[in-house]
Amino acid sequence: DQQVKQNSPSLSVQEGRISILNCDYTNSMFDYFLWYKKYPAEGPTFLISISSIKDKNEDGRFTVFLNKSAKHLSLHIVPSQPGDSAVYFCAASENNFNKFYFGSGTKLNVKP
Amino acid sequence: DGGITQSPKYLFRKEGQNVTLSCEQNLNHDAMYWYRQDPGQGLRLIYYSQIVNDFQKGDIAEGYSVSREKKESFPLTVTSAQKNPTAFYLCASSRSVSIGETQYFGPGTRLLVL
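Residues numbered from 1 in each chain as written. Chains lettered and ligands numbered in written order. Predicted model: local features only at pLDDT ≥ 70, side-chain atom pairs only at ≥ 80, totals over all residues. Heavy atoms only, no water.

Looking now at the overall build of chain B. Summing up its helical and strand segments, chain B has 0 helices and 11 strands in all. Its helices and strands in sequence order give chain B the pattern β-β-β-β-β-β-β-β-β-β-β, from N to C terminus. Against the globule reference of 13 Å for 114 residues, chain B gives a C-alpha radius of gyration of 13 Å, in line with a compact fold. Each principal axis of the C-alpha distribution contributes one length, and for chain B these read about 35 × 30 × 25 Å. (Helix = DSSP H or I, 4+ residues; strand = E, 2+ residues; numbered from the N terminus. Rg over C-alpha atoms; globule rule 2.2 N^0.38 Å.)

Let us look at the overall build of chain A. Within chain A, the secondary structure is distributed over 0 helices and 11 strands. Counted from the first residue to the last, chain A has its helices and strands arranged as β-β-β-β-β-β-β-β-β-β-β. Against the compact-globule benchmark of 13 Å for 112 residues, chain A has a radius of gyration of 13 Å, which places it among compact chains. Evaluated residue by residue, chain A yields a buried proportion of 46% over its 112 residues. Long-range pairs, those at least 24 residues apart, make up 55% of the contacts in chain A with a sequence separation of at least 6. (Buried < 20%, exposed > 50% of the residue type's maximum accessible area, 1.4 Å probe, protein only. Contact = heavy atoms within 4.5 Å.)

Our next topic: the nonpolar core. Within the largest apolar cluster, 24 residues are counted, with the highest numbers of intra-cluster contacts made by V4(A), F33(A), W35(A), L73(A), L75(A) and Y88(A). Of all the secondary-structure elements, those providing two or more residues to this core are β3 (19–25), β4 (30–38), β5 (45–51), β7 (62–67), β8 (72–77), β9 (86–94) and β11 (106–111) of chain A. With 4 residues, β9(A) is the largest single contributor of residues to this core. If we skip the residues at most four places from it in the chain, Y88(A) touches Q6(A), L21(A), W35(A), Y36(A), K37(A), L47(A), L75(A), I77(A), G105(A), T106(A) and L108(A). Counting 19 residues, the second largest nonpolar core, distinct from the first, contains I4(B), M32(B), V66(B) and V78(B). (Core = buried A, V, L, I, M, F, W, Y, C linked by side-chain atoms within 4.5 Å.)

Here we come to the packing of aromatic side chains. Counted according to the given criterion, the structure contains 14 aromatic pairs over all chains. Each ring, one from F102(A) and one from F105(B), has its centre 6.1 Å from the other, and the planes form 85°; the classification is edge-to-face. Remark: F105(B) occurs in strand β10 (residues 104–105) and F102(A) occurs in strand β10 (residues 101–102); the pair is interchain, linking two chains. The same class applies to F102(A) and to F105(B), which are both buried. (Phe/Tyr/Trp six-rings, centres within 6.5 Å; stacked < 30°, edge-to-face > 60°.)

This paragraph deals with the interface of chain A and chain B. Taken residue by residue, the interface counts 20 residues in chain A and 25 residues in chain B. Together chain A and chain B conceal approximately 1,800 Å² of surface at their shared face, both sides included; 60% is due to carbon and sulfur atoms. Among the residues chain A hides against chain B, the three largest losses belong to F97(A), N98(A) and F102(A). Together they make up 32% of the total. Where chain A packs against chain B, one counts 1 salt bridge. As a salt-bridge pair, D59(B) and K99(A) come within 2.8 Å of each other at their nearest N and O atoms. (Buried area = accessible area lost by both parts, 1.4 Å probe. Salt bridge = Lys/Arg side-chain N within 4 Å of Asp/Glu carboxyl O.)

The residue K38(A) is located in strand β4 in this model. Of note is the side chain of K38(A), whose polar atom sits 3.1 Å from the backbone oxygen of E42(A). Not counting residues within four places of it along the chain, the set of residues in contact with K38(A) comprises G43(A), P44(A), A86(A), V87(A), F89(A) and F88(B). (Polar contact = N/O pair within 3.5 Å; in protein donor to acceptor, adjacent residues only side chain to side chain.)

Residue and element names in this part refer to chain B. On the basis of which strands lie adjacent, the open sheet formed by 4 strands has the order β1-β3-β8-β7 and antiparallel pairing. A single partner strand is all that each edge strand has here, and the edge strands are β1 (4–7) and β7 (64–66). Across the sheet, the mean angle separating the axes of adjacent strands is 20° when strand polarity is ignored. Sheet analysis places strand β3 (residues 19–25) next to strand β8 (residues 76–78), joined by 3 bridges and oriented antiparallel. Note that in β8 the partner of V19 across the bridge is V78. (Pairing = 2+ DSSP bridges. Axes fitted to C-alpha atoms, helices over the stretch in contact; angles between N-to-C directions.)

Next up on the list: the environment of L11(A). Residues and elements named next belong to chain A. By secondary structure assignment, the location of L11 is in strand β2 (residues 10–14). Residue L11 is classed as partly exposed on the basis of its relative accessible area of 25%. Sequence-distant contacts of L11, that is, excluding residues within four places in its chain, are made with I20, L21, T106, K107, L108 and N109.

A separate point is the confidence of the model for chain B. Here chain B averages 92 in pLDDT, and 98% of its residues register 70 or above. Highest mean pLDDT in chain B belongs to β7(B) (97); lowest belongs to strand β2 (residues 10–13) of chain B (90). (pLDDT = per-residue confidence, 0-100.)

Here's what the structure looks like:
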């Protein structure tokens, strides 16, 4: 049973608008979360992370929000750009160890 | 330039055959990982290695084997015992297995059964 779920397989957004990608998890012991971005024919690349002691982490146009009570993670991209079109994976780990559980990914399409 | 290479990009396996997927990194990382991705599912950990000559089973190790004789290399063998080997395989590395160490991924190998 998947411990990390991304229920939206795809998302389409107009350039300049906000993209919101969502992720839910079931294991309350997860204490570190991150987002990866994947272009076709390439491996995933690290985008942004957040520790469970925080509820928000920002890096330029990318912000990750963590709601521990709801076991929910979201990635906001503002403003969205066509180059952001990719598959986004969320991942979670526990116990201070670098073993991650990944969601199935959301394919973001930013239209010019 | 530094990175992770995986070869081949596509690999075909006949029934009952073992095949080996290559993973090489020149990032001087101690830890290396193998993941499998199936359609509609997240990446699942097959094996990981914290250091040379050491490796541990992940969540779905059955039907797979690995070796870590060199720091730079972590080949994955898909044995005939793996009944459903068709998938996309990703190799990754990180400086260590400590939390917060970014995992860097290779481009992946797609394995198909003939």
